[in-house]
Amino acid sequence: MIEKEVDVLVIGAGAAGLGAAIGAAREGVDKVVIVERDERSGGILNQCIHNGFGLHYFREELTGPEYAERIKNIVKQYPNIDVKVEQYVHGIDYRRKEVSVVSTEGVTIYKPKSLVVATGARERPMGGILVPGTRPAGVFTAGVAQRFVNLENRLPGKKAIIVGSGDIGLIMARRLTLEGVEVVAVVERMPFPGGLERNIRQCLKDFNIPLYLSHTVVGIYGKERLERVIIAQLDENFKPIPGTEKKFDVDTLILSVGLIPQSTLFKDFLKIDPWTKGIMTSSSGRTSLNWIFAAGNCTVIYDLVDWVTEEGSTSGKFAAMYVKNNWEPAKFSVEKGQNVGLLFPTWYEEGTNLNIYIRVKKPLEIGTIRVKQRNNLLYSKKHANLMPSEMVNIRIPESKIGAGDIVVEVVE
Ligand SMILES: Cc1cc2nc3c(=O)[nH]c(=O)nc-3n(C[C@H](O)[C@H](O)[C@H](O)COP(=O)(O)OP(=O)(O)OC[C@H]3O[C@@H](n4cnc5c(N)ncnc54)[C@H](O)[C@@H]3O)c2cc1C
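The rules we used
Residues numbered from 1 in each chain as written. Predicted model: local features only at pLDDT ≥ 70, side-chain atom pairs only at ≥ 80, totals over all residues. Heavy atoms only, no water. Helix = DSSP H or I, 4+ residues; strand = E, 2+ residues; numbered from the N terminus. Buried < 20%, exposed > 50% of the residue type's maximum accessible area, 1.4 Å probe, protein only. Polar contact = N/O pair within 3.5 Å; in protein donor to acceptor, adjacent residues only side chain to side chain. Contact = heavy atoms within 4.5 Å. Near = heavy atom within 4 Å. Areas by Shrake-Rupley, 256 points an atom, 1.4 Å probe, with all protein chains shown as cover. Nonpolar A, V, L, I, M, F, W, Y, C, P; charged D, E, K, R; others polar. Domains from an automatic or database assignment. Pairing = 2+ DSSP bridges. Axes fitted to C-alpha atoms, helices over the stretch in contact; angles between N-to-C directions. Parallel < 35°, antiparallel > 145°, perpendicular 65-115°, else oblique. Left-handed = near helix turned anticlockwise from the far one by under 90°. Buried area = accessible area lost by both parts, 1.4 Å probe. Salt bridge = Lys/Arg side-chain N within 4 Å of Asp/Glu carboxyl O.

Visitor: Give a description of the side chain of Arg359 that names residues and reports values.
Guide: Relative to the assigned elements, Arg359 resides in strand E23 (residues 354-360). Overall, the relative accessible area of 15% leaves Arg359 in the buried class. Within the structure, the side chain of Arg359 is placed 3.1 Å from the backbone oxygen of Ile301, a separation counted as a polar contact. Sequence-distant contacts of Arg359, that is, excluding residues within four places in its chain, are made with Ile301, Tyr302, Asp303, Val340, Gly341, Leu342, Pro388, Ser389, Glu390 and Met391.

Visitor: Can you explain the environment of Lys362? Please cite residues and give values.
Guide: Tracing the backbone through its elements, the reader meets Lys362 in the loop between E23 and strand E24 (364-373). Residue classification places Lys362 among the exposed positions, given a relative accessible area of 60%. Residues in contact with Lys362, not counting those within four places in the same chain, are Asn339, Leu386 and Pro388.

Visitor: Give a description of the site of the ligand that names residues and reports values.
Guide: Contacts to the ligand come from 32 residues, most closely from Glu36, Ile44, Gly52, Asn297 and Val305. With respect to the ligand, the backbone of Ala15 contributes an N or O atom lying 3.1 Å from an oxygen atom. Out of a free accessible area of 1000 Å², the ligand has 93% covered by protein chains. Residue assignment for the shell around the ligand shows that the elements contributing at least two residues are helix H1 (15-26), strand E3 (51-53), strand E6 (88-93) and helix H6 (305-325). Among the elements that line the shell around the ligand, the one with the most residues is H6, at three residues. Partitioning the shell around the ligand into residue classes produces 15 nonpolar, twelve polar and five charged. Residues lining the shell around the ligand come from more than one domain, with at least three contributed by each of domain 1 (1-123 + 258-328) and domain 2 (125-257).

Visitor: Which residues make up the sheet that holds strand E26 (residues 392-396), and what are the values?
Guide: In spatial order, the strands read E21-E23-E26; together these three strands make up an open sheet with antiparallel pairing. Either end of the sheet is taken by a strand with one partner, and the two such strands are strand E21 (340-344) and E26. With direction set aside, neighbouring strand axes in the sheet form an average angle of 25°. The sheet contact formed by E21 and E23 spans four bridges and is antiparallel. Along E23, the bridge assignment pairs Leu343 with Ile358. Those strands touched by H6 are E23 and E26, and its axis lies near 145° from that of E23.

Visitor: Describe the environment of Lys324, with residues and values.
Guide: In this fold, Lys324 is placed in helix H6. Note: C-alpha distance between Lys324 and Lys113 (211 residues apart in sequence) is 9.4 Å. Leaving out residues up to four positions away in the same chain, Lys324 has contacts with Glu27 and Val29.

Visitor: Run through the packing of helix H4 (residues 167-178) against helix H5 (residues 197-204), naming residues and quoting values.
Guide: Contact geometry of H4 with H5 gives a least axis separation of 8 Å together with a crossing angle of 20°. Here H5 runs roughly parallel to H4, going by the angle between their axes. Helix-helix and strand crossings are classified by hand; for H4 and H5 the assignment is left-handed. Judged by residue contacts, Asp167, Leu170, Ile171, Ala173 and Arg174 of H4 engage Asn199, Ile200, Gln202, Cys203 and Leu204 from H5.

Visitor: Talk me through the domain arrangement of the protein; I want residue IDs and the actual numbers.
Guide: Split by domain assignment, the protein resolves into domain 1 (1-123 + 258-328), domain 2 (125-257) and domain 3 (330-412). The straight-line distance from the C-alpha centre of domain 1 to that of domain 3 is 25 Å. With 23 residues of domain 1 at the interface, the matching set in domain 3 holds 22 residues. Buried surface at the junction of domain 1 and domain 3, summed over both partners, amounts to about 1700 Å²; 56% is from carbon and sulfur atoms. For Glu310, the salt bridge goes to Arg395, with nearest N and O atoms at 2.8 Å.

Structural data, given as structure tokens:
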């Protein structure tokens, strides 16, 4: 067993982890190490070969691999960052501040002064939608199908139906169509689509792929390979309406029913949001333990990679500040008010800017987003087309913020 002392250790080399390493290195600590279980850095970006990445961060529209390459090139400019791939973090002793990593070199115990968790998200599996019927081959999660098509040059099948209209489901509908798979439908249980408006247009409408809103899969049939999928319309209580069933003879079912923050390794010692499973953090990226920071999809599922890298960079910067001078200011809670479905971060730390990410509970054509701290109105602005599927980012500079708990609300 090898023991290594480092200033900042980052777990995961996706957009968040690479951003965190850059943030920490810029702050001037001597040794930043990223440990990544995959054989290369970049995370999920490597398999997202469509464009739509980087408009905010690089002011250019890039594909996922191009975005990853750009960030990796920035990382290379810092001699104090060491990116180590094929390293699996399998345990953390939070009392001793030790991180245990398995690789071909054996087990390494890292002793970081501060840690940034950037482990990304995992896909909600088949069990997540409780569909009756048989369990033949031909049922894939969207991420697995994407990996087959984009990285391994294999097709999952010939005729497919996709469950879930989030961005990943929509992008896979287009990708499979371009590769010659017939996509007969995208099925969504909510009365509105889950993905960005631009993806509805560019991935479904442009290819005449029908979207069935308020529908779900009620049957999956086939002996060895999938042969038939049955969908039905849902009532307002999400119960299938008898007589509305439609049959599709397909050999492939793609499940795109959500991402879950990858937080299992940390659930015994960090505060985890019981609803989203995300690691709860403050505006500096600090978790409920003062030496552990977190960023990216392991905290909240972001719409845009640009935000992920930026939040990663913030976490890395403050993780390095903790190493340099035990920086740990007062913190206040950030709470949900009216019509706020998702709110991030959980706490505000004095001395930081406040970057708030919200999703509304119910769609609103025009709504006013208000951020209040005691009697101070920190932010109040009208926003058009507020949809639960579209994350809104609000930035409040440190200079405007005082002491006290903060409430975020969306009013008509
Ligand atoms: C299909 C799809 C399409 C998307 N399209 C767009 C788009 O068009 N535009 C846009 O801006 N954004 C898009 N996004 C979102 C964006 O790509 C992600 O938000 C972002 O890349 C997530 O970065 P991350 O670092 O949080 O996670 P990841 O990229 O998942 O990185 C996490 C890393 O941690 C590693 N890891 C996890 N556990 C361990 C462990 N125990 N030990 C060691 N390493 C570990 C993983 O191997 C992985 O490399 C899309 C996402 C998906 C999935």
